[in-house]
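# Understanding the architecture of this molecule
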Amino acid sequence: MIHVVVPAFNEAGNVPALLVSIAERLQPLAQRYRIVVVDDGSTDGTVEAVERTAATGALPVEVVRHDRNLGPGAAFRSGFLRVLETADPLDVVVTLEGDQTSDPSVLPRLLHRVWEEGDHIALASCYLYGGGIKGTNPHRVALSHVANGLMKRALGLSGLSTLSSFYRVYQASALMALRERHGDAFITTRGFECMVEVLYRAARLGLRISEVPMVLDGSRRVGKSKMKVLRTSVAYLGLALRALTGRL
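Values in this document were obtained by computation on a predicted structure and should not be read as measured data.

This brings us to the packing of helix H1 (residues 15–26) against helix H2 (residues 46–57). Contact pair H1 / H2: the axes reach a minimum separation of 9 Å and the direction vectors enclose 35°. When the axes of H1 and H2 are compared, the crossing they make is right-handed. Here H1 contributes Val-15, Pro-16, Leu-19 and Val-20 to the contact with H2, which in turn contributes Thr-46, Ala-49, Val-50 and Thr-53. Here the residues of the contact of H1 with H2 are counted per class, giving six nonpolar, two polar and no charged.

Structure representation (structure tokens):
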């Protein structure tokens, strides 16, 4: 079975098209699937937009709700824990942003890496050769490159081109291994650095991680990015410090 986890905070303008796009990519695979949208305290009608889209398209969508905004880390943790309640170790878990910036056409290649090549985690990477970033402020892109490079060195993950990608496919067994090692709090960070924490902990467990190139296109997004550059940069530094001092 394919489980899809989508964190969403004030994404009413993006989620309907995203859900339809996900379904269009998964239905030809003839595999059972479910989509878990984690509403992280939205105030713009995101939940209502999800429910309307699910009902109109007869999509297998369920919503996990946070009463207030807790950040991407908490949203992913809630989504993963919901999925792991019923997942089989041979299932796969797909994650991606709720803002439409990721390219859904990459999904078959990510699934191939996990299903056919046996990788535990496959990432969609805008930094890998063949990938790229469009429709985003050049200043933000430059800062992203610098932060990505520094984090790879600090965490000993230089073999990967990207660390922060939300767009991934996991073997369910990989998430089960993370939970077995760290408990339900296998994601402790709140912000966008949460995906770096997951990779670091996965690498420490010896899980096999690979990447496929993808163009991240900010022009697909309705509204502004939720990532605050300064706050995220400080959070990355805090994560690196925890890792270097053995507290991660």
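Following the structure, the description resumes.
Let us look at helix H3 (residues 72–84). Structurally, the α-helix is built with 3.6 residues per turn, so residues lying three or four positions apart point the same way. Counted at 1.5 Å a residue, the expected span for H3 with its 13 residues is 18 Å, and the 18 Å between its end C-alpha atoms agrees. Every buried residue belonging to H3 is among Pro-72, Gly-73, Ala-74, Ala-75, Phe-76, Gly-79, Phe-80, Val-83 and Leu-84, and all of these are buried.

Strand pairing in a sheet takes place through backbone hydrogen bonds and is either antiparallel or parallel in direction. In space, the seven strands of this open sheet follow the order E3-E2-E1-E4-E7-E5-E8, with mixed pairing throughout. At either end of the open sheet lies a strand with only one pairing partner, and these are strand E3 (61–66) and strand E8 (209–213). Here the strands of the sheet are splayed against their neighbours by 20° on average, with no regard to which way each runs. Bridge count for strand E4 (residues 92–95) against strand E7 (residues 168–171) is four bridges, and the pairing is antiparallel. Directly across from Thr-95, in E7, lies its bridge partner Arg-168. On top of the sheet, helix H4 (residues 107–115) reaches strand E1 (2–8), E4, strand E5 (121–125), E7 and E8; it is set at about 155° to E8, its chief contact. Sheet strands in contact with helix H7 (residues 194–204) are E5, E7 and E8, and its direction is about 35° off that of E7.

The rules behind each value
- Residues numbered from 1 in each chain as written.
- Predicted model: local features only at pLDDT ≥ 70, side-chain atom pairs only at ≥ 80, totals over all residues.
- Heavy atoms only, no water.
- Axes fitted to C-alpha atoms, helices over the stretch in contact; angles between N-to-C directions.
- Helix = DSSP H or I, 4+ residues; strand = E, 2+ residues; numbered from the N terminus.
- Left-handed = near helix turned anticlockwise from the far one by under 90°.
- Contact = heavy atoms within 4.5 Å.
- Nonpolar A, V, L, I, M, F, W, Y, C, P; charged D, E, K, R; others polar.
- Expected span 1.5 Å × (residues − 1).
- Buried < 20%, exposed > 50% of the residue type's maximum accessible area, 1.4 Å probe, protein only.
- Pairing = 2+ DSSP bridges.

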